[in-house]
Amino acid sequence: MVSLPEELFQETYGKVKKLIVTKKLAPGQLITQHRLSHTLNIKDDTIPLVLLQLQEESLLVGTLTNGLTVRELCEQDISEMFDCRIALETMTVKLFTRNASQSRIDDLRNLLVPFENGPQNAYVFHKIDRYFHEYIAKNCGNRMLYELFKTAKILPFMDLVGLVRPLKLIMQEHLDLVSAIHHRDEEMAVQAIQTHLDNARKSHI
């Protein structure tokens, strides 16, 4: 395949991922390069490269030759992944609360400022939610733990399940977590992230 400018690749990648996150490409739906090119009105060579990247991220399954589909998750998949998230993220939150500088905590809080009056755009809030959880893991002070977070493919999982609860409720749980972190209360922060993830799990199974 030909090499493509990074900006062009990222633009197409973002468009296709948005279709998956917003369920316009539904779990189990067969994806063809021709149909996707027509849907997005894209005539260049980015589509196959983007599909291969999404396959690498476990958002798509199958092959380009025989057809790719959006990955479907059964209840057991979802429950087990939330078990993994709780195990990893209770520790990332605990370490972030202990180790993060005040400026890092302020940056985390500032992510939520645009949504204080209530999130309006579900897709935009999903991206912030995704970044919020990764930011804590990335800045918890334990590089190996962050590598585990990435290896577990938690972010692609978040893309596949999406946000199905009221956004204001999710936002409040984020604020509760940030408040506990701000006060350096490890126990309260761990309880907040566990409650947040338990509630998310219940909404999906």
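Right, let's walk through the structure included here. Nothing here was measured: the structure is a model prediction, and the numbers come from that model.

1. Observations concerning the overall build of the protein chain
Scanning the protein chain for helices and strands turns up ten helices and three strands. Each helix and strand of the protein chain, placed in order from N terminus to C terminus, yields the pattern α-β-α-α-β-β-α-α-α-α-α-α-α. Scaling as 2.2 N^0.38, a compact globule of 205 residues should have a C-alpha radius of gyration of about 17 Å, and the protein chain matches this with 18 Å. Along the three orthogonal principal directions, the C-alpha set of the protein chain runs to about 55 × 35 × 35 Å. A buried classification covers 44% of the 205 residues belonging to the protein chain. Looking at the protein chain as shown, the accessible area adds up to about 11000 Å², and 51% of this sits on carbon and sulfur atoms.

2. A word on the pairing of strand β3 (residues 67-70)
Pairing of strand β1 (residues 30-31) with β3, which is carried by two bridges, proceeds in the antiparallel orientation. Within the sheet, the bridge partner assigned to Ile31 lies in β3 and is Leu68. With four bridges joining them, strand β2 (residues 60-63) and β3 adopt antiparallel strand pairing. For Leu60, the partnering residue across the bridge sits in β3 and is Val70. Here β2 hands over to β3 after three residues, the two strands then running antiparallel side by side.

3. Quick notes on the side chain of Glu57
If you trace the backbone, Glu57 turns up in the loop between α3 (46-56) and β2. When its relative accessible area of 15% is taken as the criterion, Glu57 is described as buried. Separated by 2.8 Å, the side chains of Glu57 and Gln53 make a polar contact. Contact partners of Glu57, with chain neighbours within four places excluded, come to Tyr13, Lys17, Lys153 and Pro156.

4. Here we look at the nonpolar core
Counting 40 residues, the largest nonpolar core has Phe96, Leu108, Phe132, Ile136, Leu177 and Ile181 as the members making the most contacts within it. When contributions to this core are tallied by element, the ones reaching two or more residues are α4 (75-99), α5 (102-112), α6 (122-138), α7 (143-151), α8 (154-161), α9 (167-182) and α10 (186-204). Residue contributions to this core peak at eight residues, all from α4. Residues in contact with Phe96, not counting those within four places in the same chain, are Arg104, Ile105, Leu108, Tyr135, Ile136, Asn139, Cys140, Ile181 and Arg184. Ranked by size, the runner-up nonpolar core spans 19 residues in total, among them Ile47, Leu54, Leu60 and Leu160.

5. Notes on the packing of aromatic side chains
Between two aromatic rings, the relevant description is the distance of the centres plus the angle of the planes. Scanning the model with the defined rule gives six aromatic pairs in all. On the basis of an interplanar angle of 70° and a centroid distance of 5.1 Å, the ring pair of Phe115 and Phe125 is categorised as edge-to-face. Here Phe125 lies in helix α6 and Phe115 lies in the loop between α5 and α6, a separation of ten residues in the sequence. The burial state of Phe115 is the same as that of Phe125; both residues are buried.

Cut-offs applied
Residues numbered from 1 in each chain as written. Predicted model: local features only at pLDDT ≥ 70, side-chain atom pairs only at ≥ 80, totals over all residues. Heavy atoms only, no water. Helix = DSSP H or I, 4+ residues; strand = E, 2+ residues; numbered from the N terminus. Rg over C-alpha atoms; globule rule 2.2 N^0.38 Å. Buried < 20%, exposed > 50% of the residue type's maximum accessible area, 1.4 Å probe, protein only. Areas by Shrake-Rupley, 256 points an atom, 1.4 Å probe, with all protein chains shown as cover. Pairing = 2+ DSSP bridges. Polar contact = N/O pair within 3.5 Å; in protein donor to acceptor, adjacent residues only side chain to side chain. Contact = heavy atoms within 4.5 Å. Core = buried A, V, L, I, M, F, W, Y, C linked by side-chain atoms within 4.5 Å. Phe/Tyr/Trp six-rings, centres within 6.5 Å; stacked < 30°, edge-to-face > 60°.

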